[in-house]
Amino acid sequence: MNVIRTTSATRTARSATRTGPHAGRLAAVALAGAAVVALAPTAAVAADGDSRSAAIVTADAAARVDLGPELRAVVERGASTAALGEARENGRRVWRDSAGVTDIDSQRPVRADGRFRIGSVTKTFVSTVVLQLVDEGKLRLDDPVEHYLPGLVPNGGAITLRQLLNHTSGLYDYLDDPRFLFHDEASLRSYLANRRWTTWSPAQLIEVGVQGTPYFAPGQGWHYSNTNYVLLGELVRKVTGRAWQSEVDRRIVKPLHLDETTFQNTRTAVPGPHAHGYVTLPEGLADVTRLSPSFGDAAGNGISTGADLNRFHAALFGGRLLSPARLAEMTTAVPAPMIGAHYGLGLIRYDLPCGEVWGHTGGLPGYNTVWLGAKDGTRQFSLSFNLSQGSETEETFTTLNAFIVKASCGSGAVAGTGDAAANPPLKTLR
């Protein structure tokens, strides 16, 4: 299959992009999380009906903030082919919009209700199931991994479930291994031609992770590691007798009617309407939409929509999925300097000039997600943007931060000035 397509639109986008210090960084750690919030955009005909790409903004939301210009800037200046998002307040959609194209060949406008790969936002679904099992007395957060998965993790007697959840275990991230993803043109071409089709089992991913040199002794630092969450997926299987995907579906997806959310380990396509994802080669953009998501497993193989993610956020922070005690533990965060934020149990906290925002970010080749909102569950937003990996520049981060700060803090907040400039929410794409 010929995955490389070059069009005049592609060439125009590329000519506006310069190689910067962040180039290639996204691909190297595609399942990690680091970005920040947004009261996102959308298009609609009804509150939850099918909707395409025309923007919808309620009257009260329009008086507060209009993110249309910032959303379009993500595409026009952020090296993305598409961006789509949604925002809700008190259970009501207040804004949704989209910008860019479904694919560079057809140039069809992207749909605002489209599906996208959510990467590490998957982790919050998994951590919620783990904490539900704690609520049910089937797990204890400060028990060692060895107690539940004997013999699987070296030094597992010193690593607790809490340390897996908040990335203080010190375990090596299997995605740092060169067998996964790509870090230069040669490895990218190899990935596109062959390695993206490889099916990985959880056991294989864990083996790579536990054979790697730990970053530090358990509890003595912070380092994002996808190995932690593949282990948690196996822990759910061990305790419930069912795959983690089945438990997420049974406990979260079906009760909340997240009908467009799936966690597929082997299916290579994104089902339903969706924007294509791309990576950058010297001769143009290469389509990377289809791939085996098995390398993500419980660390990042999900597919969803902005509407589904926002309903999940509202239910989680609104107290519908966890007891108050478990939600308090979930939002007890430790410093995470690697991503310029704080990390709870499957959640990222970003501190903005206007206060805290909670959620997660994620990425897989060709797709990036920002999903955050208020701790009290009254506001949430999601943003999916198809950054052409390898084309990130400083302007990419500036553009995304402008969107994030305005979405979180209102139209009076401007990224690049004041506190937002001193401590920008999005410092890297993880």
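What you are looking at is a predicted structure, and each value in this text was computed from that prediction instead of being measured.

A. A look at the pattern of salt bridges. Taken as a whole and judged by the stated rule, the model has 24 salt bridges. Of the charged contacts, one joins Arg-326 and Asp-135 as a salt bridge, the two residues approaching to 3.2 Å between their closest N and O atoms. Of this pair, Arg-326 sits in helix 13 (residues 324-330) while Asp-135 is found in helix 5 (residues 122-135), placing the two residues 191 residues apart along the sequence. According to the relative accessible area criterion, Asp-135 is partly exposed, its value standing at 32%. For Lys-254, the salt bridge goes to Asp-249, with nearest N and O atoms at 3.5 Å. Judged by relative accessible area, Lys-254 falls into the exposed class, the value being 56%.

B. Just the environment of Arg-196, in detail. Counting through the fold element by element, Arg-196 comes out in the loop between helix 8 (185-193) and helix 9 (202-211). Take Arg-196: its relative accessible area is 2%, and that puts it in the buried class. Separated by 72 residues in the primary sequence, Arg-196 and Thr-268 place their C-alpha atoms 9.3 Å from one another.

C. Geometry of the nonpolar core. Judged by nonpolar contacts, the single largest core of 105 residues is most densely connected at Phe-125, Phe-180, Phe-295, Phe-312 and Leu-316. When residues of this core are assigned to their parent elements, the largest contribution, 7 residues, is made by helix 5. The residues touching Phe-125, leaving out its near neighbours within four places in the chain, are Ile-118, Val-248, Ile-252, Leu-258, Thr-261, Phe-263, Leu-309 and Phe-312.

D. Geometry of the environment of Gly-156. Inspection of the secondary structure assignment puts Gly-156 in the loop between helix 6 (145-148) and helix 7 (161-165). Measuring from C-alpha to C-alpha, the distance between Gly-156 and Val-145 comes to 5.3 Å, with 11 residues separating the pair along the chain. Residues in contact with Gly-156, not counting those within four places in the same chain, are Pro-144, Val-145 and Glu-146.

E. Just the packing of aromatic side chains, in detail. Tallied over the entire structure, the rule returns 11 aromatic pairs. With a centroid separation of 4.0 Å and 20° between ring planes, the pair formed by Phe-125 and Phe-312 is classed as stacked. Taken together, the residues Phe-125 in helix 5 and Phe-312 in helix 12 (residues 306-317) connect sequence positions 187 residues apart. Take Phe-125 and Phe-312: they sit in the same class, and that class is buried. Ring geometry for Phe-312 and Trp-371: centres 5.5 Å apart, planes at 5°, overall stacked. Of this pair, Phe-312 sits in helix 12 while Trp-371 sits in strand 14 (residues 367-373); the two residues are 59 residues apart in sequence, bridging distant segments of the chain. We note that Phe-312, like Trp-371, is buried. Linked through ring pairs, Phe-125, Trp-244, Phe-263, Phe-312 and Trp-371 together constitute an aromatic cluster. Taking NZ or CZ as reference, Lys-123 lies 5.8 Å from the ring centre of Tyr-229, over its face.

F. Summary view of the sheet that holds strand 5 (residues 116-119). Spatially, 3 strands are ordered 5-9-6 in an open sheet, and the strand pairing comes out antiparallel. Sheet topology places strand 5 and strand 6 (262-263) at the edges, where each strand pairs with a single neighbour. The sheet contact formed by strand 6 and strand 9 (residues 302-304) spans 2 bridges and is antiparallel. Residue Thr-262 lies in a different strand from strand 9, and its bridge partner there is Ile-303.

Calculation criteria
- Residues numbered from 1 in each chain as written.
- Predicted model: local features only at pLDDT ≥ 70, side-chain atom pairs only at ≥ 80, totals over all residues.
- Heavy atoms only, no water.
- Salt bridge = Lys/Arg side-chain N within 4 Å of Asp/Glu carboxyl O.
- Helix = DSSP H or I, 4+ residues; strand = E, 2+ residues; numbered from the N terminus.
- Buried < 20%, exposed > 50% of the residue type's maximum accessible area, 1.4 Å probe, protein only.
- Core = buried A, V, L, I, M, F, W, Y, C linked by side-chain atoms within 4.5 Å.
- Contact = heavy atoms within 4.5 Å.
- Phe/Tyr/Trp six-rings, centres within 6.5 Å; stacked < 30°, edge-to-face > 60°.
- Lys NZ or Arg CZ within 6 Å of the ring centre and 35° of its normal.
- Pairing = 2+ DSSP bridges.

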